[in-house]
Amino acid sequence: MVRIRVLVVDDHRIFAESLAAALAAEPDVDVFAAGSGPAALRCLERAASEGRRFDVLLVDADLGGHVPGARPAAPVREGDEDGLVDGISLVAGVRSGQPGVRVVVLAEKDDPRRAALALGAGASGWVAKDCSLSRLLNVIRGVLRDETHLPPALLTGVLRELTAARKHRTESEVLVESLTPREREVLRCMVAGLGRKAVAERLYLSPHTVRTHMQNVLGKLGVHSTLAAVALARRAGVGPADLDGPSAGDVVERGGQLA
């Protein structure tokens, strides 16, 4: 019999313990529980190092409490945690670090926007916490077959949210493409949080020149502040500049001379 390894991640102990106990009664399910994002990440890392990776994570959509550690088969212990990890961030982190793990988000209520964010982060399903155990088991087995599971009532709203997000991203991409290579580099520095003086030092430009580039960036993007420019850049997929030094292939200016 092929066994399914499941990790329940929820900072509500009674719910986590009850769900883990119910799943553990299934003959083909091995279940563990973690009471916070950091505890879940430690549990995942430990399992991977031992060659016993988890197959499915069940993550609380409202995760974010400072509760507990991780422990096999149900009980969630109290203990200090190093920082907080919310549910959606945990989904993204897990899918990035261990792409073979399927993630299902458990929610108190239907929320098309948050469900779309979860799917965008890499979740394979969004399930109501009050669903039946048989329904949850069907979802767990379904996502292992690479299926995506959403409540029918959420489908239209989630598609609308995903379409709107793609539209905003596409519009932002077009605006960013209107920038010159130098303006794009300045924008990447802005995304990295650098001020005018720091940008000038990094790109070997005068502060006056950087100011002109920044004004051009804001104008072409149609925004009125650095924060708005950074938000638009993020939507377009623009990452921060590499702060370790000029990127390979950069054209820099030193003392008015191109180098």
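Here's what I pulled together on the structure shown here. Just so you know, these numbers come straight off a predicted model, no measurement behind them.

1. A word on unusual backbone geometry
Here is step 1 of the chain: A positive phi angle, close to 65°, is found at Asp146, a residue other than glycine.
Here is step 2 of the chain: Considering the arrangement of structural elements, one finds Asp146 in the loop between helix H5 (133-143) and helix H6 (152-177).
Here is step 3 of the chain: Although it is not a glycine, Tyr204 sits at a positive phi angle of roughly 55°.
Here is step 4 of the chain: Mapped onto the secondary structure, Tyr204 falls in the loop between helix H8 (196-203) and helix H9 (207-221).
Here is step 5 of the chain: Judged by relative accessible area, which is 37%, Tyr204 ranks as partly exposed.

2. Digging into the packing of helix H3 (residues 87-97) against helix H4 (residues 112-121)
Here is step 1 of the chain: Relative orientation of the contacting elements H3 and H4 amounts to 15°, with a least axis distance of 8 Å. Comparing the axis directions of H3 and H4 gives the class roughly parallel. Of the two elements, H3 crosses H4, and the hand of that crossing is right-handed. For the pair H3 and H4, the contacting residues are Ile88, Val91, Ala92 and Arg95 in the first and Arg114, Leu117, Ala118 and Ala121 in the second.

3. Observations concerning the pairing of strand S3 (residues 56-60)
Here is step 1 of the chain: Among the 5 residues of S3, 5 are classified as buried, and the element is accordingly described as predominantly covered.
Here is step 2 of the chain: Burial along S3 is two-sided: the residues Val56, Leu58 and Asp60 and Leu57 and Val59 are all buried.
Here is step 3 of the chain: Sheet topology places strand S1 (residues 4-9) next to S3; 4 bridges connect them, and they run parallel. By the bridge assignment, Val9 is partnered in S3 with Val59.
Here is step 4 of the chain: Where S3 lies against strand S5 (residues 102-107), 5 bridges are found, and the strand directions are parallel. Following the sheet pairing, Leu58 is matched in S5 by Val104.

4. A few points about the nonpolar core
Here is step 1 of the chain: If you look at the biggest cluster of nonpolar residues, it comprises 32 residues, and the most contacted ones within it are Leu7, Val9, Phe54, Leu57 and Trp126.
Here is step 2 of the chain: Going through the elements one at a time, S1, strand S2 (29-34), helix H2 (37-49), S3, H3, S5, H4 and H6 are the ones with two or more residues in this core.
Here is step 3 of the chain: Excluding its chain neighbours within four sequence positions, the residues that come into contact with Val9 are Ala34, Ser36, Ala40, Leu57, Leu58, Val59, Asp60, Leu63 and Leu90.
Here is step 4 of the chain: Counting residues in hydrophobic clusters, the runner-up holds 24 residues, among them Met190, Val191, Leu203 and Val217.

5. Describing the packing of aromatic side chains
Here is step 1 of the chain: Applying the stated criterion across every chain, the model contains 1 aromatic pair.
Here is step 2 of the chain: When the centroid spacing of 5.5 Å and the interplanar angle of 85° are considered together, the rings of Phe32 and Phe54 count as edge-to-face. One end of the pair, Phe32, is in strand S2; the other, Phe54, is in the loop between H2 and S3, with 22 residues separating them in the sequence. No difference in accessibility class separates Phe32 from Phe54, as the two residues are buried.

Reading the values: the criteria
Residues numbered from 1 in each chain as written. Predicted model: local features only at pLDDT ≥ 70, side-chain atom pairs only at ≥ 80, totals over all residues. Heavy atoms only, no water. Helix = DSSP H or I, 4+ residues; strand = E, 2+ residues; numbered from the N terminus. Buried < 20%, exposed > 50% of the residue type's maximum accessible area, 1.4 Å probe, protein only. Axes fitted to C-alpha atoms, helices over the stretch in contact; angles between N-to-C directions. Parallel < 35°, antiparallel > 145°, perpendicular 65-115°, else oblique. Left-handed = near helix turned anticlockwise from the far one by under 90°. Contact = heavy atoms within 4.5 Å. Pairing = 2+ DSSP bridges. Core = buried A, V, L, I, M, F, W, Y, C linked by side-chain atoms within 4.5 Å. Phe/Tyr/Trp six-rings, centres within 6.5 Å; stacked < 30°, edge-to-face > 60°.

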